[in-house]
Amino acid sequence: MLLDLIESNAGLAKLMAAEIFRTDRAWQKTLFALRHEALAVFAEAIAEARPATAAAGTSGLMASSVFGAVLMAGLEWLVFDPDRDRDEVSGAILESLSGGLLA
């Protein structure tokens, strides 16, 4: 879902990556709302898959990690490797997040 949004609106993704932590901007509230909406989807999925994270209050932090990984990988793909297949990008993200880097 987020990867599809990044693919269809690279300009918005670049703006979010560049401005998400800049609190002195006029559009910061709008970016916060977009970020919050995306994080809620990830947090809900994480809480369903791992109820202990919800109980420990860490599903939001994990959601932020996933959001950041997808946003940056998506931008990396569109800017530096646009001919790569979207499913390959998605697979690489999932592999990285599922512990593939540790194996």
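Shown above is the structure to which this text applies.
Residues numbered from 1 in each chain as written. Predicted model: local features only at pLDDT ≥ 70, side-chain atom pairs only at ≥ 80, totals over all residues. Heavy atoms only, no water.

## Focus on the overall build of the protein
Along its length, the protein carries six helices and zero strands. If you list the helices and strands of the protein from N to C, you get α-α-α-α-α-α. Dimensions along the principal axes, computed over C-alpha positions, put the protein at roughly 35 × 35 × 20 Å. Sorting the 103 residues of the protein into buried and exposed places 26% on the buried side. Once local pairs closer than 6 in sequence are excluded, the contacts in the protein between residues at least 24 apart make up 54%. Counting 8 positive and 14 negative side-chain charges, the protein places the averaged centre of each group 10 Å from the other. (Helix = DSSP H or I, 4+ residues; strand = E, 2+ residues; numbered from the N terminus. Buried < 20%, exposed > 50% of the residue type's maximum accessible area, 1.4 Å probe, protein only. Contact = heavy atoms within 4.5 Å. Lys, Arg positive; Asp, Glu negative; His and termini not counted. Charge placed at Lys NZ, Arg CZ, Asp CG, Glu CD.)

## Here we look at the pattern of salt bridges
One pass over the full model with this rule turns up four salt bridges. A salt bridge links Glu88 to Arg84; its shortest N-O distance comes to 2.4 Å. A salt bridge links Asp87 to Arg86, with the shortest nitrogen-to-oxygen separation between them at 3.5 Å. In this structure Asp87 comes out as exposed when scored by relative accessible area, which is 55%. Ionic contacts of the salt-bridge type, sharing partners, join the residues Asp4, Arg86 and Asp87 into one network. (Salt bridge = Lys/Arg side-chain N within 4 Å of Asp/Glu carboxyl O.)

## Description of the packing of helix H2 (residues 10-19) against helix H5 (residues 59-80)
Packing of H2 against H5 leaves a shortest axis separation of 10 Å and a crossing angle of 125 degrees. Judged on the interaxial angle alone, H5 and H2 are oblique. Regarding H2 and H5, the two cross each other, and that crossing is left-handed. For the pair H2 and H5, contact is made by Ala10, Ala13, Lys14, Met16 and Ala17 and by Phe67, Leu71, Met72, Leu75, Leu78 and Val79, respectively. Residue classes in the contact of H2 with H5 are distributed as ten nonpolar, no polar and one charged. (Axes fitted to C-alpha atoms, helices over the stretch in contact; angles between N-to-C directions. Parallel < 35°, antiparallel > 145°, perpendicular 65-115°, else oblique. Left-handed = near helix turned anticlockwise from the far one by under 90°. Nonpolar A, V, L, I, M, F, W, Y, C, P; charged D, E, K, R; others polar.)

## Let's talk about the environment of Asp81
Relative to the elements of secondary structure, Asp81 occurs in the loop between H5 and helix H6 (86-100). Judged by its relative accessible area of 27%, Asp81 is partly exposed. Spatially, the C-alpha atoms of Asp81 and Leu15 are 19 Å apart, while their sequence positions differ by 66 residues.

## Considering H2
Within an α-helix, residues lying three or four positions from one another point in the same direction, as the helix has 3.6 residues per turn. Considered for burial, the residues of H2 that qualify are Ala13, Met16 and Glu19. Projected down its long axis, H2 shows its buried positions confined to an angular sector of 155 degrees, all on one face. Contacts from the buried residues of H2 go to helix H1 (2-8), helix H3 (28-49) and H5. (Arc of directions from axis to C-beta.)

## Looking at the side chain of Ser59
Topologically, Ser59 is positioned in helix H5. Apart from the residues within four sequence positions on either side, Ser59 is in contact with Ala43, Ile46, Ala47, Thr53 and Ala54.

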